[in-house]
Structure formats: C-alpha cells, structure tokens
Amino acid sequence: MSKVAIVMGSDSDMPVMEKASQFLDEMGIDYEMRIISAHREPDLFFEWAKGAEERGVKVIIAGAGKAAHLPGMCAALFPMPVIGIPMKTSDLGGQDSLYSIVQMPSGVPVATVAINGGLNAGILAAKILATSDDEILCKLNDYSKKMQEAVKEKDANLNK
C-alpha cells in the first residue's frame, strides 16, 4: 500500500519529481507516481485525488508549473497533507507557479517547497510520515548525520 502519491501535470516535470521519488526509495517509503493533468483530464484527476485516502496515501506531492492548480486541487479533495512543488517555467522562472501554490485560500493549505524543490518535497513527506513511524524517523536521523559528515569532510579538506 502506498504511503505517498506523487503527481505531476506533464512528463516535462519528471526530472524534478524524480528527485522526490529517489529520496523516498532511499528511505524505503512506498509511493505511486502519476502524470495527470487537472486541466486536460479533470474527471480522471478527481477520481484519482478522491481515491487517494482509500489507496492508503498519507501525503501527496504535487508538482505544477504556470497556473499550478494541481497542488491546490489535491488539497481541496484530499484530507491529509499536500506538498506543492512549483516548477521553473520559461515565462516567469517559476515565480508564477510559486505564487499560485502558496496563495491558497484559508482552509485549503498546501505546504510548498522551493521552485524545482523535488528533493525537499521528498524529505518533507518523509518527515510527515516519521511523526508516526519510528523506522522512518531513524532513517531521517541517519540521513541528517550523513549530511553533517559530508560538510565536515569538505571543511576538513579545505583546511589541509
């Protein structure tokens, strides 16, 4: 049963979204990944988002560019956390996507990471799951220690 659902509106978002899936793989967290356009396939999207809880999904990661309605629509239909990833666009560099995702109306929050922040979305999803899963929490602590060690190693190499 999947714990995280990853959804994007276009296959052009895949390089960013794969960063989230790769982190979830590293943590041993189950996920499903779909390409569904909220604008071009509204019936399919509604069915998918409304059925996520029944499929065992605890967190949705939704990536979107330009008008970026996908994360907000997920949050409107899914009762648990939604993490939005604004995609960098050629028009406004992703600022349009960022503003669309963070400016949700009261009562329909979307946690939002940086433009093209796929890795941080995966980490945030794991942290949300870790609030009730000690195994994931342990893996996140190990990940943090590895990051600290990598910085210390780089610093030590600078000062040789």
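Quick caveat, the model's predicted, so the values are computed rather than measured. (Residues numbered from 1 in each chain as written. Predicted model: local features only at pLDDT ≥ 70, side-chain atom pairs only at ≥ 80, totals over all residues. Heavy atoms only, no water.)

Student: When you look at the packing of aromatic side chains in this model, what are you seeing that I'm missing?
Tutor: Between two aromatic rings, the relevant description is the distance of the centres plus the angle of the planes. Counted by the stated rule, this structure contains three aromatic pairs. Between Phe 45 and Phe 46, the ring centres sit 6.0 Å apart and the planes meet at 90°, which makes this aromatic pair edge-to-face. Where Phe 45 meets Trp 48, the ring centres are 6.5 Å apart and the plane angle is 35°; that geometry is what we call tilted. Taken as a pair, Phe 45 and Trp 48 lie in helix α2 (residues 42-51) at a separation of three residues, close to a single helical turn. Residue classification places Trp 48 among the buried positions, given a relative accessible area of 4%. (Phe/Tyr/Trp six-rings, centres within 6.5 Å; stacked < 30°, edge-to-face > 60°. Helix = DSSP H or I, 4+ residues; strand = E, 2+ residues; numbered from the N terminus. Buried < 20%, exposed > 50% of the residue type's maximum accessible area, 1.4 Å probe, protein only.)

Student: What am I meant to see in the packing of α2 against helix α3 (residues 69-77) here?
Tutor: How two helices pack is summed up by the angle between their axes together with the distance between the axes. Viewed as axis vectors pointing N to C, α2 and α3 meet at an angle of 50°, and their least axial separation amounts to 9 Å. Comparing the axis directions of α2 and α3 gives the class oblique. With respect to the hand of their crossing, α2 and α3 are arranged in right-handed fashion. Contacts between α2 and α3 involve Phe 45, Phe 46, Trp 48, Ala 49 and Lys 50 from the first element and Leu 70, Met 73, Cys 74 and Leu 77 from the second. (Axes fitted to C-alpha atoms, helices over the stretch in contact; angles between N-to-C directions. Parallel < 35°, antiparallel > 145°, perpendicular 65-115°, else oblique. Left-handed = near helix turned anticlockwise from the far one by under 90°. Contact = heavy atoms within 4.5 Å.)

Student: Please explain the sheet that holds strand β5 (residues 111-112) as it appears in this structure.
Tutor: Within a sheet, neighbouring strands are paired by backbone hydrogen bonds and run either parallel or antiparallel to one another. With respect to topology, five strands assemble into an open sheet ordered β2-β1-β3-β4-β5, the strand pairing being parallel. The sheet is open, and its two borders are formed by β2 (31-35) and β5, each paired with just one other strand. In the sheet, strand β1 (residues 4-8) pairs with strand β3 (residues 59-64) via five bridges, with the strands oriented parallel. Counterpart to Val 7 in the pairing with β3 is Ala 62. Strands β1, β2, β3 and β4 (82-86) of the sheet are contacted by helix α1 (residues 14-27), whose axis makes an angle of about 170° with β1. Along the sheet face, α2 touches β1, β2 and β3 and points at about 170° away from the line of β2. (Pairing = 2+ DSSP bridges.)

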